[in-house]
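# Report on the structure
Chain residues, written in single-letter form:
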Amino acid sequence: ELGSGPQGLTPQAAVERLRRDGPNSVKDEATRSVFSLLLRQFESPLVLILVFAAVVAGVVQEWLEASIILAIVLGSTALSFTQEYRASAAVAELRRRLALTAKARRGGQVVSVPFSDLVAGDIVLLSAGAVVPADGLVLQALDLLVSEAALTGESFPVEKRPAVLPESTPLAARTNSVFLGTSVRSGTAEILVVQTGQATQYGAIAQRLKTKPVETDFARGIRRFGSLLIRVMIVMVIFVLTMNQLLGRPFLESLLFAVALGVGLSPELLPAIISVTLSAGARDLAKRGVIVRQLDAIENLGGMTVFCTDKTGTLTEGEIVLKAVLDARGQDAPAVAKLAFLNAAFETGIDNPLDKAIVTAGEKGALTTDGYVKVDEIPYDFTRKRLTIVAQAADTPATRLMITKGAFTNVLDLCSTWMDGDGEKPLTADARTKLEAYYQAQGEEGLRVLALATRRMEVRPDYVIADEAQMCFEGFLAFFDPPKPEAAGAIADLAALGVSVKVVSGDNRHVVAYVAKALGLDATAMLTGAELAAMKDEALWNRAERTTLFAEIDPQQKERIVRALQRTGHSVGYLGDGINDAPALYAADVGVTVNTAVDVARSSADVVLLHRDLGVLRQGIEGGRRTFANTLKYICITISANFGNMISMAVATSFLPFLPMTAVQILLNNFLSDLPAITISSDTVEPSQVATAQRMGIGDIQRFMIVFGLISSVFDIATFAVLIHVFKASAETFQTSWFVESLLTELAVLMVLRTHGPAWRSRPGRLLVWTTVAVTLVALVSPYLGPVSALFRLTPLPPALLATLVVIVAAYALATEAAKHWFFIHRMGSRARPPAPLLSGART
C-alpha cells in the first residue's frame, strides 16, 4: 500500500511524498513564519490598548494624537519584531545543527536522513541508542528491546519482533510496532515507516492534550513577575484616571493619559529583552563550542553548583587502548585474545569503545573471524553488564562456543571452573580469592578490567540468558584510558566558579580512585553502587553532598544521585552520552551531552558540547552567568524605575492642576528609554558576577524595587517642588521639564545599576554606551527643535532650569550609587544566594 520495497523508496518518491504529507514533525512549523512572528507583536494587551487609544483619538478627530500613538506603536513593534526575528533565526540555526538523523534505505543505498524528512514507506535502520523517528512496523529484528516509557509509562523495555497482530491489539501489546519518541535499548532492527508527524501515536496525544514544552522555574518566575507588575500597574492607572475625573479634567485627555501611563510603566519589552539576551548568549556559546537546545537552559548552566560526569572522555583521554590480554594466572594469552576478538567482532548491539579497542588490537595482531560463523547473540544490557556471542567453529560442527565478556564480578558469578595452564579446574573459594585480588591490583594501577568466560553448548535454534551458567573463566582484558593532562586544571577552574565536580561511573572503585588521585580529587570520599542501594533516601541526601566519587553505579542509580543533590539545594548539571544516561540527563537542572552521543541522550539533554572537554564547559558556565546577569539587569532596573514612576505619578496627579505629562510625551519617553534597554544583551559583565552563581529571590527583588524606586520618587518630587515653587513653571514648562528629567534619570539609573560595583570602574558595552549617549542628546535638544517640540508639545527650557535639571539628575545618580553600595554589600551581601530563588532555572 505504501509503494515501498526491500530497497526502500526512490529519492524522487520520497521528495514527492514529503511535499504531499508535510514534514515529520509533531509541532506545527507554520507558526514560526515571519508573518506570524509579526502578528504576534500585536497580541500584547499593551499594544492593543494603544491601538484602542489611537482609534478613540481618531473618532473625536484628534488626528495628531492618533498619528503619534500609531507611529510609536509601529516603532515599538518594529523594534521588537526585528530583535525577535534575529533571535528566532539564531535559535533555528542552532537547532538545525542539532537535528537528529536516521539511517534510511533509499534506492537501495543507506543514507542519513533528517527526522523531519522521513516519509511513510521509508525503510529505517535502528540500533541501540537510537530514538525511533516515526511509527512503523518491524521488518527485521535482532534482540530488539525498546523503551516505551515516554508513551505507555511502562518502565521496562519491551521486546519487538516481526509479527502480524490483530488490528484491535492495544498499544502496549503491539510488539510488532515501534513508535515515535521511544528509544532502542539494545539490538538492531529494520522498520517500515507507516505514520509520520501528527499522524503518529505521539502526535495524536500531543494534539489532544495541546502539550507545551516543560516550563522551567526561571520561565515561570519571569511570567509571574511580568503578570504581577501589570496587575499592579492596572490598579495604579485606574487610580490615576479616577483622580483626574474627581479633579474635573476632560475625560478623553485623562483616558489617553492613563493608557499612555499604563504602557509607559509596564515591562512590555521584558519578553523581547529576554529573547534577545538569551539568543545572543546562545550565539556566543555556539562560537565557544557549546550549543543550547532550549534557551532557558542558559540560566540553568550559569546557576550550576554541582557537576556530575563520567570519567571516560571527560576526565580521561577517551582513547581506550587494550593494554593486555591475560589468562587466569595473569600471563599473556593469545588464546584469550582470539576469544575476545570473536566476541567483539561479531557484536552488533551497542557501539562502544571497548569493542573497538579489542577489534583494533586484534587486527594489528592479524586476527580474523575466519573459520567461525556467528549463530546467536545475547546483547549487552545494563543489568547483566555482559555480552554473549554464540559461534560455530568449522572444525567442531557438533558443538557451539558461547563467549561471554563483561564486568568482572558479573562474569565471575557465572563460572564454576577456571582455565589453568594445565587445563580446566573447579573454581574453588581460594581460586576465586586469587582472581579477585589480581582484578583489584589491576584496577589500582588504573586499568579497567573485563572478564571473559566460555561454555561449550549443544546445537539448538536459539540461546537465552539462562544459558549463561556453568561457564569457564578464561582470563582478563585490561584497558587503559589515561587521565587528560588538562582535566586537573579544568576541575580547579570549575571549583573557582563555585562548581564542585562529582564523578559518577560504572567502573570499579579502584580505577575511579586512580583517576581521581591523578586529577587532584578526594579519592577517599567514595560511595559505591552497593552502598547506595542499601541507603534510604534521607541517608543519601546527607551523604551525596559530601561524596566526590560514585563508583560501580547502576544506570538507575544515576538519576537517584541527581535527585539527592537537588534535594540538598544544589543546581545540578549532568554530563552523559549513553542510553542509560537519559533519565539522569532529564532529571538534572541542566543535562549536558556531546555531539557524538546516542540519539536518546541528545534528545534528553539541554546543552550539547562540540568538544568533550571541561574547559569548554567552564566557558559555557561563564557565558550562562553573563547572560543571566544581563537579563537580571533589565528586570531589576525596570521594576525599580516603574515603581518609582508609579509613586511619582500618584503624587503629581493628586496636587497638580494639570497633567504632569501628556500622553504622547509619556509614550515618547517610554520609546526612547527602550532603545538603550534593548542593547543590554551586549553589555559587559564584571568578574564578580561570573565568579559565582548569581540568583535573586522574590524578597531581594522586592527590596530592590522599594529602595531604588523610592529614591527615584524622592528626586521626582524634589523636581516637582523646584518647578512649582522656584521656577513657577507653567503646564507646558512643567511637562517638558519632567519629560527631560524622567528620561535622563532612567538613563542614569541604567548606567549606575548595571553593575554591582562603582559605576566608573565598570566599562559598559559599546552599543549600550552609544545608544545611551544618543538618547541623552535627544532628550536635551528635543525641546529646542521646532518641529519636534511642536509635535510632542514640548517647550524650550531656560538655561537655568535646564542646568538645575542636570544637577538634580547628577545628584540622583550619586544617591543611587551610594544606595547601591549599601544594598549589595550590607543588605544582601556581595554573594547572596537565597534558598528559594524566584529566578532559578530548575526544571519541573
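Our structure's up above, just so we're on the same page.
Residues numbered from 1 in each chain as written. Predicted model: local features only at pLDDT ≥ 70, side-chain atom pairs only at ≥ 80, totals over all residues. Heavy atoms only, no water.

### What to know about the pairing of strand β4 (residues 135–147)
- Here β4 runs beside strand β7 (residues 183–195); their pairing, made up of 10 bridges, is antiparallel. Note on β7: the bridge partner recorded for Leu142 is Thr188.
- Note: β4 against strand β6 (residues 177–178), 2 bridges, orientation antiparallel. Each bridged residue has a counterpart across the sheet, and for Leu137 the counterpart in β6 is Ser177.
- Here β4 runs beside strand β5 (residues 158–160); their pairing, made up of 3 bridges, is antiparallel. Across the sheet, the residue bridging to Leu145 is Glu159, located in β5. (Pairing = 2+ DSSP bridges. Helix = DSSP H or I, 4+ residues; strand = E, 2+ residues; numbered from the N terminus.)

### Looking at the pattern of salt bridges
- Going through the model one piece at a time under the given rule, you end up with 31 salt bridges.
- Between Asp467 and Arg460 there is a salt bridge, with the nearest N and O atoms lying 2.7 Å from each other.
- One connected set of salt bridges, linked through shared partners, spans Asp327, Arg329, Asp420 and Lys425. (Salt bridge = Lys/Arg side-chain N within 4 Å of Asp/Glu carboxyl O.)

### Re the packing of aromatic side chains
- Summed over the entire model, instances satisfying the criterion amount to 14 aromatic pairs.
- Here the aromatic rings of Phe658 and Phe734 are separated by 5.4 Å at their centres, their planes lie at 70 degrees, and the arrangement is edge-to-face. Residue Phe658 is located in the loop between α22 (614–655) and α23 (663–678), and its partner Phe734 is located in helix α26 (residues 731–753); the two are separated by 76 residues in the primary sequence. Comparing Phe658 with Phe734, the two get one shared label, buried. (Phe/Tyr/Trp six-rings, centres within 6.5 Å; stacked < 30°, edge-to-face > 60°. Buried < 20%, exposed > 50% of the residue type's maximum accessible area, 1.4 Å probe, protein only.)

### A short note on the sheet that holds strand β23 (residues 607–609)
- Ordered in space as β8-β23-β22-β21-β9-β18-β20-β19, the 8 strands form an open sheet in which the pairing is mixed. Strands at the two margins of the open sheet, each flanked by one partner only, are β8 (290–292) and β19 (526–528). Within this sheet the neighbouring strands show an average axis-to-axis angle of 20 degrees, counted without direction.
- Relative to strand β20 (residues 549–551), β19 is paired through 3 bridges, and the arrangement is parallel. In the sheet register, Thr528 faces β20, and the bridge partner there is Ala551.
- Relative to β20, helix α16 (residues 509–518) is tilted by about 155 degrees, and along the sheet it contacts β18 (500–504), β19 and β20.
- Across the sheet, helix α19 (residues 555–567) touches β9 (306–309), β18, β20 and β21 (572–575), and the angle it forms with β21 is around 160 degrees. (Axes fitted to C-alpha atoms, helices over the stretch in contact; angles between N-to-C directions. Contact = heavy atoms within 4.5 Å.)

### Remarks on a nonpolar patch on the surface
- A cluster of nonpolar side chains, namely Trp770, Val773 and Leu777, defines an oily patch on the protein surface of about 330 Å² accessible area.
- Looking at the element boundaries, Trp770 is found in helix α27 (residues 766–781).
- The class of Trp770 is exposed, set by a relative accessible area of 59%. (Patch = residues over 30% accessible without salt bridge, like charges linked within 9 Å, V, L, I, M, F, W, Y side chains within 5 Å. Areas by Shrake-Rupley, 256 points an atom, 1.4 Å probe, with all protein chains shown as cover.)

### Quick look at the environment of Arg546
- Note on placement: Arg546 falls in the loop between α18 (537–544) and β20.
- Sequence separation between Arg546 and Leu565 is 19 residues, and the spatial gap between their C-alpha atoms is 10.0 Å.
- A distance of 3.4 Å separates a polar side-chain atom of Arg546 from the backbone oxygen of Asn542. (Polar contact = N/O pair within 3.5 Å; in protein donor to acceptor, adjacent residues only side chain to side chain.)

### A few points about the packing of α23 against α26
- One way to put it is that α23 packs onto α26 with a least axis distance of 10 Å and a crossing angle of 20 degrees. Overall, the two elements α23 and α26 adopt an arrangement that is roughly parallel. Read as a crossing pair, α23 and α26 show a hand that is right-handed. Here Gln665, Leu668, Asn669, Leu672, Ser673, Pro676 and Ala677 of α23 come into contact with α26, specifically with Gln735, Phe739, Ser742, Leu743, Glu746, Leu747 and Leu750.
- Classifying every residue of the contact of α23 with α26 by side-chain character gives 8 nonpolar, 5 polar and 1 charged. (Parallel < 35°, antiparallel > 145°, perpendicular 65-115°, else oblique. Left-handed = near helix turned anticlockwise from the far one by under 90°. Nonpolar A, V, L, I, M, F, W, Y, C, P; charged D, E, K, R; others polar.)

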